[in-house]
Structure formats: C-alpha cells, structure tokens
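# Understanding the architecture of this molecule
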Amino acid sequence: AQSVTQPDIHITVSEGASLELRCNYSYGATPYLFWYVQSPGQGLQLLLKYFSGDTLVQGIKGFEAEFKRSQSSFNLRKPSVHWSDAAEYFCAVALNRDDKIIFGKGTRLHILP
Amino acid sequence: EAGVAQSPRYKIIEKRQSVAFWCNPISGHATLYWYQQILGQGPKLLIQFQNNGVVDDSQLPKDRFSAERLKGVDSTLKIQPAKLEDSAVYLCASSLYGVDEQFFGPGTRLTVL
C-alpha cells in the first residue's frame, strides 16, 4: 500500500536559520509529490509539486524540494526561515493527477526569535 | 478569484446528534473533495465528486456519513448520528482538473461531546 512518512513530528529552528523537513514515500512508481503548508485555522496551501523533469523544484515563499528516487525522498528546504513560516507542513503523494492524495502526518515547525 | 468557501467554521454538538457542513467551490471547478483531518493527522479523503457524480467514496463511513453535490456546484456533507471519534476538521477542496491543482477551503472544526 502507498504510504508517506514524515519522521519529525516537531522541528524547532531559529529565525534566519536554514530548514529541512523530511519526507519519504512508498510507491511502486514515481508518484506525484506535493508539499502543503497549514497555518493555524487555515486550510492547506500548496507550496510546490513534482511530477517529472528537474528533480529540484522551486515553490512559493522561498521553499524548494529535491526528489531523490534512490532514497524515495522528497525533502523540503528553505535557506533562511522567517517567523511567519511557523506552521504545519504536510508531504503528500498521488499516483497520478486522477488518483487520490495521501498525506503524511505532518511536521509542526516552531521558530525561535 | 474567490476561494473555496465553507460554513460553519466551528460546530459543537453532542454525540448522536446530526450535523451538516456546506462547501462552495471555486467557480468552474468540476471536481470537489471532502477531507477529514483528525488532530495530529494529515487530511484523509472522504469523498470525491466530478460534477455531481461520485468518483471515490471508498473511505466514507456510509452508515453515518452522506454527501451530495446537487447541480454540480455546492456540496453538503452530513453526519448522522455523530460519534466522539468524528471530532475533526472537515476540509473541502476543489480543482479544475486533478489533485495537482486542488485549492482548499478554511475547514469546519467539529467537536463532538
């Protein structure tokens, strides 16, 4: 069965520091991969997505993610976090655009001033 | 462009009562999704509509949950009767084509006492 693992439930970083959130998936083929962000009381907002092509994907708000087929990973990165980045981040996968999305359990990001 | 609208934003009910949630998707979006997000989990798809037809309701607890999308626009999700474990945020999303272009509403937070 398809699955998505986000190993870190909580991550705390200082403002201005770099960030990497981990995501591993279990799928038979290269799936569609997504990162979403959810701020308190808000719905989910798509940060970036990967289907094929260049394995380094640029998203909104200065985020990027790298697809590594050999490691079945799609880690999210940001070179310098801002206090407004404090939120919950979800990695998600789908077999194709017509398939349903399966979400990971999320990683809550805390920012220290 | 207006986003996905949901109401109410919050609802508190006693177990065994009934509750209904409403969703108005982005204009022109043929596909509508309802997700359940339990605290500490990622969203889980309950039902997907394409226009007013059901595409996937495999994870909808049909003994107590029902959903409809009359005229292929607005949708209503109902729970009757509610159980304690139904406490969650119910998210509605819509897309023009597939899961790679979903836009989420702010959600309805349901508390069952």
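Residues numbered from 1 in each chain as written. Chains lettered and ligands numbered in written order. Predicted model: local features only at pLDDT ≥ 70, side-chain atom pairs only at ≥ 80, totals over all residues. Heavy atoms only, no water.

### Thoughts on the confidence of the model for chain A
Rules: The pLDDT value tells you how sure the predictor is about a given residue, anywhere from 0 up to 100. In DSSP terms, a helix is any run of H or I states spanning at least four residues, a strand is any run of E spanning at least two, and both are numbered starting from the N terminus.
Looking at chain A as a whole, the pLDDT averages 93, with 100% of positions reaching at least 70. Between the elements of chain A, mean pLDDT differs from a low of 93, seen in strand β1 (residues 3-5) of chain A, to a high of 98, seen in strand β3 (residues 19-21) of chain A.

### Description of the state of the cysteines
Defined as follows: When two cysteine sulfur atoms lie within 2.5 Å, the pair is treated as a disulfide. Per-residue accessibility, obtained with a 1.4 Å probe over protein chains only, is compared with the maximum for each type, and a residue is labelled buried under 20%, exposed over 50%, and partly exposed between these values.
Tallying each qualifying case throughout the model produces two disulfides over all chains. Bridging Cys23(A) to Cys91(A), the disulfide has an S-S length of 1.9 Å. Across the disulfide from Cys23(A) to Cys91(A), rotation about the S-S bond amounts to roughly -65 degrees, and the bridge is consequently left-handed. Of the two residues, Cys23(A) sits in the loop between β3 and β4 (24-26) while Cys91(A) sits in strand β10 (residues 87-94), which places them 68 residues apart along the sequence. For the residue pair Cys23(A) and Cys91(A), the accessibility class agrees, reading buried in each case. Across the disulfide from Cys23(B) sits Cys92(B); the S-S distance is 1.9 Å. The sign of the S-S torsion, about -70 degrees, decides the handedness of the disulfide formed by Cys23(B) and Cys92(B): left-handed. Of this pair, Cys23(B) sits in strand β3 (residues 19-24) while Cys92(B) sits in strand β9 (residues 88-95), and the two are 69 residues apart along the sequence. We classify Cys92(B) as buried; its relative accessible area is 0%.

### Here we look at the confidence of the model for chain B
When pLDDT is averaged across chain B, the result is 94; 99% of the residues are at 70 or more. The weakest mean pLDDT in chain B belongs to strand β6 (residues 53-56) of chain B at 93; the strongest belongs to strand β8 (residues 75-79) of chain B at 98.

### Comments concerning the interface of chain A and chain B
Operational definition: In what follows, a contact means two residues having at least one pair of non-hydrogen atoms within 4.5 Å. The buried area of a pairing is the accessible area, by a 1.4 Å probe, that goes missing from both parts when the two are put together, added over both. Whenever Lys or Arg places a side-chain nitrogen within 4 Å of a carboxyl oxygen from Asp or Glu, that contact is recorded as a salt bridge. We define a polar contact as two N or O atoms separated by no more than 3.5 Å, with the added condition that, inside protein, one atom must be a possible hydrogen donor and the other a possible acceptor, whereas residues neighbouring each other in sequence contribute only through side-chain atom pairs.
At the junction of the two partners, chain A supplies 21 residues and chain B supplies 21 residues. At the boundary of chain A with chain B, total buried surface from both sides reaches about 1600 Å², with 50% on carbon and sulfur atoms. For the pair chain A and chain B, the interface holds three salt bridges. Counting the contacts that link chain A with chain B gives five residue pairs in polar contact (both at pLDDT 80 or more).

### A word on the pattern of salt bridges
Taken as a whole and judged by the stated rule, the model has ten salt bridges over all chains. A salt bridge links Arg97(A) to Asp100(B); its shortest N-O distance comes to 3.1 Å. Taken together, the positions of Arg97(A) in the loop between β10 and β11 (102-103) and Asp100(B) in the loop between β9 and β10 (103-104) put the pair across two chains. On the basis of relative accessibility, which here comes to 4%, the residue Asp100(B) falls in the buried class. Glu101(B) is the partner of Arg97(A) in a salt bridge, and the nearest nitrogen-oxygen pair spans 3.6 Å. Here Arg97(A) is found in the loop between β10 and β11, whereas its partner Glu101(B) is found in the loop between β9 and β10 on a different chain. One network of salt bridges, in which partners are shared, links Glu64(A), Glu66(A) and Arg77(A).

### Quick notes on the nonpolar core
Heads up, the condition is: As used here, the term nonpolar core means buried Ala, Val, Leu, Ile, Met, Phe, Trp, Tyr and Cys residues forming a set that is joined through side-chain atoms within 4.5 Å.
Membership of the largest hydrophobic core comes to 27 residues, with the highest contact counts inside it found for Leu19(A), Trp35(A), Leu47(A), Leu48(A), Phe74(A), Leu76(A) and Tyr89(A). Within the residue set of this core, elements represented by two or more residues are β2 (10-14), β3, β5 (32-38), β6 (44-50), β8 (64-68), β9 (73-78), β10 and β12 (107-112) of chain A. A per-element tally of this core places β10(A) first, with four residues. Residues within four places of Leu47(A) in sequence aside, it is in contact with Trp35(A), Tyr36(A), Val37(A), Gly59(A), Ile60(A), Lys61(A), Phe63(A), Leu76(A) and Tyr89(A). Within the second largest apolar cluster, 21 residues are counted, among which are Trp34(B), Phe49(B), Leu77(B) and Tyr90(B).

### Section: the environment of Gly53(A)
If you trace the backbone, Gly53(A) turns up in the loop between β6 and β7 (56-58). By relative accessible area, which is 54% here, Gly53(A) ends up exposed.

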